[in-house]
Amino acid sequence: MPTMRYREALNQALREEMEADETVFLMGEDIGVFQGAFKVTQGLLEEFGEKRVRDTPISENTIVGMGVGSAMIGLRPVVELMTVNFSLLAMDQIVNHAAAIRYMFGGQVKVPLVVRMPQGAGHQLGPTHSHSFEAFYLHVPGLLVAVPSTPADAKGLLKAAIKDDNPVIFIEHETLYGQRGEVPENGGPMRFGEAAIRREGEDVTIIGISRMAITAQKAAEKLAEEHEIDAEVIDPRTLRPLDLDTILESVKKTNRAVIVEEGWPHGGVGANLAALIQEQAFDWLDAPVQRVTGADVPMPYSKPLEQAAFPHEEHVIQAAIATFRDI
Amino acid sequence: MASDVTMPRLSDSMEEGTVLKWLVDEGGEVKRGEPLVEIETDKANMTYDADTDGTLIEVVAQEGDTLAIGEVIARIGDPSEASGNGKPSGGTEAPAEEEADGGGEEAGEDAGDEEAEGAEAEAGATAEGEAEAEGEAEDEAAAAAEKADGDGAGDEEPAAARGEARGGAGGGDGGGETQAGDGGGTATRTRAPTGNGAGDGERVKASPVARRMARELGVELARLEGSGPGGRIVKADVQAAAEGDGAAAKEAPPAEEERAPAEAREEERAPEPQRTEAGAKGEAEIQELTRLQQTVSRRMAESKATAPDFSISLTVDMTEAVELRKRLKEVADPAPSFNDMVVKAAATALTEHPRVNGAYRDGKFELYERVNIGVAVAAMDALVVPTIFDADQKSLGRIARDARAVIEKVRDKTVTPPELSGGTFTVSNLGMFGIEHFTAIINPPQASILTVGALAKKPAVDDNGRIVARDQMSLSLVCDHRILYGADGAQFLARVKELLEQPLSLAL
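Another aspect to go through is the sheet that holds strand β5 (residues 114–119) of chain A. Residue and element names in this part refer to chain A. If you walk across this open sheet you meet the seven strands as β3-β2-β4-β5-β7-β6-β12, and the pairing is mixed. At either margin of the open sheet sits one strand with a lone partner, and together these are β3 (53–55) and β12 (238–240). Within this sheet the neighbouring strands show an average axis-to-axis angle of 20 degrees, counted without direction. When strand β6 (residues 144–146) meets strand β7 (residues 168–173), the two strands line up parallel, connected through three bridges. Following the sheet pairing, Ala146 is matched in β7 by Phe170.

A word on the pairing of β7(A). Residues and elements named next belong to chain A. Most of β7 is tucked away, with six of its six residues classed as buried. Covered by surrounding structure in β7 are Val168, Phe170 and Glu172 together with Ile169, Ile171 and His173, the residues of both alternating faces. As judged from the six bridges shared by β5 and β7, these two strands associate in the parallel manner. The partner of Arg116 across the bridge, within β7, is Phe170.

As a further point, take the sheet that holds strand β4 (residues 35–40) of chain B. Residue and element names in this part refer to chain B. Read across the sheet, four strands follow the order β5-β4-β2-β7 without closing on themselves; strand pairing throughout is antiparallel. Lying at the two open borders of the sheet, with one neighbouring strand each, are β5 (45–49) and β7 (66–68). Each adjacent strand pair in this sheet contributes to an overall mean axis angle of 40 degrees, direction not counted. Judged from the four bridges that link them, strand β2 (residues 16–22) and β4 form a sheet pairing that is antiparallel. Residue pairing in the sheet places Thr18 in a bridge with Glu40 of β4.

It is worth spelling out helix α5 (residues 208–217) of chain B at this point. Residues and elements named next belong to chain B. Residues of α5 that are buried: Val209, Ala210, Met213 and Ala214. In a view along the axis of α5, the buried residues occupy a sector of 135 degrees, so they form one face of it. Two residues or fewer past α5, Gly218 is found with a positive phi of approximately 70 degrees.

Attention now moves to helix α7 (residues 151–163) of chain A. Residue and element names in this part refer to chain A. With 13 residues, α7 should reach 18 Å at 1.5 Å per residue; the first-to-last C-alpha distance of 19 Å fits that figure. With 12 of 13 residues buried, α7 lies mostly within the body of the structure. Residues of α7 that are buried: Pro151, Ala152, Asp153, Ala154, Lys155, Gly156, Leu157, Leu158, Lys159, Ala160, Ala161 and Ile162.

The next thing to look at is unusual backbone geometry. Backbone torsion omega between B:Asp333 and B:Pro334 reads 0 degrees, so that peptide bond is classified as cis. Mapped onto the elements, B:Pro334 comes out in the loop between α8 (319–331) and α9 (338–352). Although it is not a glycine, A:Lys39 adopts a positive phi angle of roughly 65 degrees. Inspection of the secondary structure puts A:Lys39 in the loop between β2 (24–28) and α2 (44–48). One non-glycine residue with positive phi stands out, namely A:Asn186, at about 55 degrees. Structurally, A:Asn186 can be placed in the loop between β8 (180–182) and β9 (196–199).

Turning our eyes to something else, we now look at the pairing of strand β10 (residues 204–208) of chain A. One face of the sheet, then the other: side chains in a regular strand alternate in exactly this way. Residue and element names in this part refer to chain A. In terms of burial, β10 is a largely internal element, five of the five residues being buried. The two faces of β10 match: Val204, Ile206 and Gly208 on one face and Thr205 and Ile207 on the other face are all buried. As defined by bridge partners, β10 adjoins strand β11 (residues 231–235) across four bridges and the pair is classed as parallel. Within β11, the residue paired with Ile206 across the bridge is Val233. One crossover worth recording links β10 to the parallel β11 by way of helix α8 (residues 212–227), and it is right-handed. The pairing of β10 with strand β13 (residues 257–260) spans four bridges and is parallel.

What follows is about the packing of α9(B) against helix α10 (residues 396–411) of chain B. Residue and element names in this part refer to chain B. Where α9 contacts α10, the two axes come as close as 9 Å, and the packing angle between them is 120 degrees. With respect to each other, α9 and α10 are oriented oblique. Seen along the crossing, α9 lies across α10 with a hand that is right-handed. Here α9 contributes Asp340, Met341, Val343 and Lys344 to the contact with α10, which in turn contributes Leu396, Ile399, Ala400 and Ala403.

All names here are of chain B. As for its position among the elements, Glu302 is in helix α7 (residues 291–306). Residue classification places Glu302 among the partly exposed positions, given that 15 C-beta atoms sit within 10 Å. Note: C-alpha distance between Glu302 and Asn443 (141 residues apart in sequence) is 9.6 Å.

Residue and element names in this part refer to chain A. As for its placement among the helices and strands, Ile277 is situated in helix α10 (residues 269–281). Considering only alpha carbons, one finds Ile277 and Leu244, 33 residues apart in sequence, at a separation of 8.5 Å. The contacts of Ile277, once residues within four sequence positions are left out, are Ile247, Leu248, Val251, Ala257 and Val289.

All names here are of chain A. One can describe the packing of helix α1 (residues 6–20) onto α7 by two numbers: an axis separation of 8 Å at closest approach and a directional angle of 25 degrees. Here α7 runs roughly parallel to α1, going by the angle between their axes. The interaxial crossing formed by α1 with α7 has right-handed handedness. On α7, the residues that touch Tyr6, Ala9, Leu10, Gln12, Ala13, Glu16 and Glu17 of α1 are Pro151, Ala152, Ala154, Lys155, Leu158, Lys159 and Ile162. The residue inventory of the contact of α1 with α7, partitioned by class, reads nine nonpolar, one polar and four charged.

Conventions used here
- Residues numbered from 1 in each chain as written.
- Chains lettered and ligands numbered in written order.
- Predicted model: local features only at pLDDT ≥ 70, side-chain atom pairs only at ≥ 80, totals over all residues.
- Pairing = 2+ DSSP bridges.
- Helix = DSSP H or I, 4+ residues; strand = E, 2+ residues; numbered from the N terminus.
- Axes fitted to C-alpha atoms, helices over the stretch in contact; angles between N-to-C directions.
- Buried ≥ 20, exposed ≤ 12 C-beta atoms within 10 Å, placed from the backbone.
- Arc of directions from axis to C-beta.
- Expected span 1.5 Å × (residues − 1).
- Right-handed = clockwise from strand over helix to strand, strands pointing away.
- Parallel < 35°, antiparallel > 145°, perpendicular 65-115°, else oblique.
- Left-handed = near helix turned anticlockwise from the far one by under 90°.
- Contact = placed C-beta atoms within 7 Å.
- Nonpolar A, V, L, I, M, F, W, Y, C, P; charged D, E, K, R; others polar.

Spatial relationships are all this shows, so hold off on functional conclusions.
In structure tokens:
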């Protein structure tokens, strides 16, 4: 199986879908001549031309608005926003329009739009560029939300997102763009709503969101080596639809759950998931569901503070141990 | 209104308890959830926490008294309710200080850090002296702590916010120094009340899965001791109790697993010997049994009285095992002992002979899914049998480590009831004393017990009829004939022999 970087896998997905379907086109700031702030659209302008790879002004609400309109008339736009923080400028188009139009028009029109954006801390980009907002989008009915953590998932889920007739919020991670991983050759689209069990285990279920799926796996290895705790690690891959069955099955086996996310604690993905788990697996729990989250502060610029503000392996390890005993 | 404190039921088989030590003096202040008295049960010495606030107005049961469950051991109420001879309460500083100290220590042991901090704040306040001020400080501290906890419901409250709330609590009286939780953790833990709340009317702290399993298996939660965070009864506790008491047993069955002191905080004290008048045997020293010794004597007698047992023996050629151990010593620390090899061999053979890993109970065979081997250990002036769980799934090295760890715990008396129960088979070894061959009493309701004699070089006859020196060891299996017949036992024992004579299979 070929190995490639996360950004290359995304690039491949875009290229393949653009080759296969001429209604697929890209819009975004600096995606054409500059080839993307994170080089995901490298080479695509040259290959597909200005009509299908369109540089736009700095106006997120307008970019997404054009995406919504063009999707409504039958195109398949893939819009890139430079960071998840900037997507807040487009909230009106995303929430009031993209997510609601199919419902408001009784299914007469659909909005096959993909909005791509990277999130995440670790690069000292400060509080206006580094947040993790999957919880915002998870909140909205009508949107599908993908949070791939591996190159293979990035490619497979982006292909699926482009083919889907619903608006998809596709959240990438800045730290993962350079990560390498195996990607199946000629791999097709993946299905939304299928979690991946990254590591099988018997003692505690750790659910990692976006990059935290990687952190959770590393923590699980240490838990096994140093604490004799055999953790099962689940990467949901998509938050809407959510593969709750796989999570519940695992929790029923291990009786313990730890949810790891980079975003804020209140109203977070973990808060939601913890509620679902206790609603549906209460009688299987042997300990309160633990959450590991980013700090409840705007993302700091200072390097040590930034590092302290998002979860690392040791936090996951502590939370997992806390499901067994007092620390 | 004064309320009675009665002898609590602290273990599932407890019928009566002995008051070892009052942790609060008569007239002293008692706080709900804080240690009140140490009680010796049939299994362990345990600290019993007060379930109400007030003044200890009367100690009914003195230290050393043994009372049945439910009998009044003390009364708690207002100081004004103290009977005429009651000591003045609150006014003297000594008891208050003592209580504060005790509270701090116990909270530190029993509860999470936050609780400990709260207790420290209280201790600080109390040391200031005045009863009223103390009450206020406590209220404030409690309220502020609660508030801080409420705020801290999220995962990562800014540490500063929590620090303020707590600082305020301590600052109110100037006495307590409080600190914010480290806040760098990941999930805020809830305050852990001390004890498992097994007292009457109080909600037993148990996890949802433990509750469900207890319901399904007919285990009474109030009788269990929780091993989870904050004393919570967790799944493993219920499993251990169910295996110990027999699944679905609604009443305390006659034969329960042998257990020994849980957290023996103090030495299990044998009662003072008494002397009788000299007779034909001279003067006799009368020794009362410790609870553990009582349990051992009762269960051993039960076993002999109910199980029609027989024993079979054979000799195992351990020459290759000796060679293997020599090599293992070079690579493993701890190197597995011969006893560990016997445990491993027995575990493997048990998976192939399910009835040996079973029990005769109430006219039925119970065949157990897990292979949990108890290893008899002489300790605590009695016999204790810690369990190596799932021995069939563990490597020889893991068995060696687990056995060493749990025996260590038995010796320093930190072993917990779950670690002493759930056994499906027992191995007893007296080889270290040079005993060549012996029979043992079955640990009911198990089907059999395997005894291991001394390993020594002895003459053997080789294939050519020559006498050669070989390392040899005897094994005996004592069987309960109600479930295990001669041929069954013999096949099992022969298999153990076979495995030990080809010990490489054990090292896989």
